[in-house]
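Descriptive analysis of the structure
Given next are the chains, with one letter for each unit.
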Amino acid sequence: AIAARSCISKVSGAGASSDGLLIDLPSATKASTISLADNTFSFAGNDSTAIDVTGLAPVGVAAARNLIGFSGTSGTGLAFTLGDGSAVNLQSNSIGDTGGGGTGILFRSLTGDTDVTINDTLVNLLSTGVLVDRGIVFNSITGTVDLAGTQNNVVRFATQAFSAPATGIVGEILVNGAEVP
């Protein structure tokens, strides 16, 4: 098993396609636990990502009280590509975008059975231009995602506040006071 806890306090990037923290766990057999708390990420370049986690084996990710900001276009706050048996717990994160075309939380692909909890997260987007701004997005689900959350998540000024496939999710979270999916 691999365990990691962030000790970073501030990360910034000015160039295009900057990654604040890129975690790639290619082992299909070694489970990992990652805790990311109380960090500040700021990006001026386009197409940047603050936290990007990819894992084949079960990955436990806890991200709390992180402050993420983008002034370049098409930034992504938190991105995940995870395998069977993974668990994600997001608590009290704040993601802001003033460049346009931003995505707050992106689950690119979840394979197998995965637990996702999202509570008290703020996603504040621009949504005044031609670019699509997205709050919380589930792109691809193979298996079942157990979605849970008891505290409201606020997504402001998004073209899409919440997006998920029609099947594969059980449970719900609160987004702007409403249960989704």
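Residues numbered from 1 in each chain as written. Predicted model: local features only at pLDDT ≥ 70, side-chain atom pairs only at ≥ 80, totals over all residues. Heavy atoms only, no water.

**So, the overall build of the chain**
Test applied: Secondary structure follows DSSP: runs of H or I at least 4 residues long count as helices, runs of E at least 2 residues long count as strands, and numbering of each begins at the N terminus. To get the radius of gyration, use the C-alpha atoms; to get the globule rule, take the number of residues to the power 0.38 and multiply by 2.2 Å. A 1.4 Å probe rolled over the protein chains alone gives each residue an accessible area, and that area as a share of the maximum for its type sets the label: buried under 20%, exposed over 50%, partly exposed in between.
Along its length, the chain carries zero helices and 21 strands. Expected size for 181 residues packed as a compact globule is a radius of gyration near 16 Å; at 15 Å, the chain falls within 12% of this value. Once the C-alpha set of the chain is aligned to its principal axes, its extents read approximately 40 × 35 × 25 Å. Looking at the chain as a whole, 43% of its 181 residues qualify as buried.

**Points about the side chain of asparagine 119**
Filter applied, for reference: Residues adjacent in sequence count toward polar contacts only when both atoms are side-chain atoms; beyond that, a polar contact is any pair of N or O atoms within 3.5 Å, and within protein one must be able to donate a hydrogen and the other to accept it. We call two residues in contact whenever any of their non-hydrogen atoms come within 4.5 Å of each other.
Mapping asparagine 119 onto the fold places it in strand E13 (residues 114-119). Relative accessible area serves as the criterion here: at 7%, asparagine 119 is assigned to the buried category. Within polar-contact distance, the side chain of asparagine 119 engages the backbone nitrogen of glutamine 151 at 2.7 Å. If we skip the residues at most four places from it in the chain, asparagine 119 touches Leu90, Gln91, Ser92, Gly149, Thr150, Gln151 and Asn153.

**Looking at the pattern of salt bridges**
Let me state the cut-off plainly: Each salt bridge in this description consists of a side-chain nitrogen of Lys or Arg and a carboxyl oxygen of Asp or Glu lying within 4 Å of one another.
Considering all chains together, one arrives at two salt bridges under this definition. The salt bridge involving arginine 65 is made with aspartate 38; its shortest N-O contact spans 2.8 Å. In this pair, arginine 65 is assigned in the loop between strand E7 (59-64) and strand E8 (67-70) and aspartate 38 in the loop between strand E4 (32-37) and strand E5 (40-43), connecting sequence segments 27 residues apart. Aspartate 52 serves as the salt-bridge partner of arginine 108, at 3.0 Å between the closest nitrogen and oxygen.

**Focus on the sheet that holds strand E20 (residues 173-175)**
Selection rule: Paired strands, in this sense, are two strands between which DSSP finds at least two bridges. Between N-to-C directions, angles cover 0 to 180 degrees, with each direction set by a line fitted to C-alpha atoms, over the stretch in contact for helices.
Overall, mixed pairing links the eight strands, which are arranged E2-E5-E8-E11-E14-E17-E20-E21 in an open sheet. Each of the sheet's edge strands pairs with one partner strand only, and the pair in question is strand E2 (10-13) and strand E21 (178-180). Pairwise comparison of adjacent strand axes, ignoring direction, gives a mean angle of 15° for this sheet. As judged from the four bridges shared by E2 and E5, these two strands associate in the parallel manner. Within the sheet, the bridge partner assigned to valine 11 lies in E5 and is phenylalanine 41.

**Looking at the pairing of E8**
Burial along E8 is one-sided: Ile68 and Phe70 are buried, and none of Leu67 and Gly69, which face the opposite way, are. With four bridges connecting them, E5 and E8 associate as parallel partners. By the bridge assignment, serine 42 is partnered in E8 with glycine 69. Looking at chain direction, E8 and strand E11 (residues 94-97) are connected through four bridges and run parallel. For glycine 69, the partnering residue across the bridge sits in E11 and is glycine 96.

**Re the environment of threonine 76**
The residue threonine 76 is located in strand E9 (residues 76-82) in this model. Taking the C-alpha atoms as reference points, threonine 76 and asparagine 46, separated by 30 residues in sequence, lie 9.9 Å from one another. Apart from the residues within four sequence positions on either side, threonine 76 is in contact with Ser48, Thr49, Ala50, Phe70, Thr103, Gly104 and Leu106.

**Quick notes on the environment of phenylalanine 80**
Mapping phenylalanine 80 onto the fold places it in strand E9. Residue classification places phenylalanine 80 among the buried residues on the basis of a relative accessible area of 1%. For the pair phenylalanine 80 and serine 109, spaced 29 residues apart in sequence, the C-alpha separation works out to 7.0 Å. The residues contacting phenylalanine 80, other than those within four sequence positions of it, are Val53, Val61, Val88, Leu90, Ile105, Leu106, Phe107, Arg108 and Ser109.

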